[in-house]
Amino acid sequence: MAAHRSRLHAAWLAGRAEGRLNPSDVVAIAREAAPPGTILTTDVGSHKIMAGQAWQAGEPRSVLIPNGLSAMGFGVPAAIAARLTRPDRPVLALVGDGGFAMAATEMRIASSLGLPVTVVVFADGSLNRIELRQQSVGYPPTATRMDGMDLVALAEATGCDGVRVDTPAALEKALTGFAARSRPLIVEARIDPTQYEAQF
């Protein structure tokens, strides 16, 4: 069992680019920063696969991941609902920039209700899973680019705190003590998507 887990972990790290903020770094740093009792939500996309492979649930109903039809836009409202349902628990959402764009204005609800959810956005400027699928069948990337979103400005506009990071150290700093925050936080994590490509 130990050898099997070791092989799975090595496969999860495949394609990791040294000196960059990788998707696996985001998941590992977020998991390390999350205290016991944290509820995790994710959206749909390449980041979901990375999170689902490595985030160990501490107890039942502490990880909310959409499956089956896997509709995008789930992560943010699920985090808000989790915090409303369990106000005693820290709530962290790991979402892609595509899914976040579909539900970003929901953060105004979190702010107005005083719900200190933390949303980490895997920002790579694309609908990555769709783009990789297009490329795998020989199509050029079509209608998948999402360049130019300023999530820190969006955070301010919706009454949330916002921070942009592009290194593991900066992400660690941004997530330090997130469970004790009194306001919602949006973290724009500028990732290198090379790891997604290696694992597709």
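Being a predicted model, the structure only gives us computed values, none of them experimental.

Another aspect to go through is unusual backbone geometry. The backbone of R61 shows a phi angle near 60 degrees, a positive value even though the residue is not glycine. Relative to the helices and strands, R61 is located in the loop between α3 (46–54) and β2 (63–64).

With that settled, consider the pattern of salt bridges. Counted according to the given criterion, the structure contains 12 salt bridges. Across the pair R16 and E18 runs a salt bridge whose closest N-O atoms are separated by 2.8 Å. Classification of R16 by relative accessible area gives partly exposed; the value is 30%. In this structure, the salt-bridge partner of R16 is D25, at a minimum N-O distance of 2.9 Å. On the basis of relative accessible area, D25 is assigned to the buried category, the value being 8%.

Here we take up the nonpolar core. Taken as a class, soluble globular proteins show a tendency for nonpolar side chains to be buried jointly. Membership of the largest hydrophobic core comes to 26 residues, with the highest contact counts inside it found for V26, L92, L94, V120, L171 and V187. Of all the secondary-structure elements, those providing two or more residues to this core are α2 (23–33), α3, β3 (91–96), β4 (118–123), α9 (168–175) and β6 (185–190). Here this core takes four residues from α2, the largest share from any one element. Setting aside anything within four residues of it in sequence, one finds L92 in contact with A30, T38, I39, L40, T41, W55, T118, V120 and F178.

Spatially, β2-β1-β3-β4-β6-β5 is the arrangement adopted by the six strands of the open sheet, whose pairing is parallel. Lying at the two open borders of the sheet, with one neighbouring strand each, are β2 and β5 (161–165). Bridge count between strand β1 (residues 39–42) and β2: two bridges; the pairing is parallel. When the sheet's bridge partners are listed, L40 is paired in β2 with V63. Strand contacts of helix α4 (residues 75–85): β1, β2, β3 and β4, with the helix running at about 175 degrees to β3, the strand carrying the most contacts.

Rules of the game
Residues numbered from 1 in each chain as written. Predicted model: local features only at pLDDT ≥ 70, side-chain atom pairs only at ≥ 80, totals over all residues. Heavy atoms only, no water. Helix = DSSP H or I, 4+ residues; strand = E, 2+ residues; numbered from the N terminus. Salt bridge = Lys/Arg side-chain N within 4 Å of Asp/Glu carboxyl O. Buried < 20%, exposed > 50% of the residue type's maximum accessible area, 1.4 Å probe, protein only. Core = buried A, V, L, I, M, F, W, Y, C linked by side-chain atoms within 4.5 Å. Contact = heavy atoms within 4.5 Å. Pairing = 2+ DSSP bridges. Axes fitted to C-alpha atoms, helices over the stretch in contact; angles between N-to-C directions.

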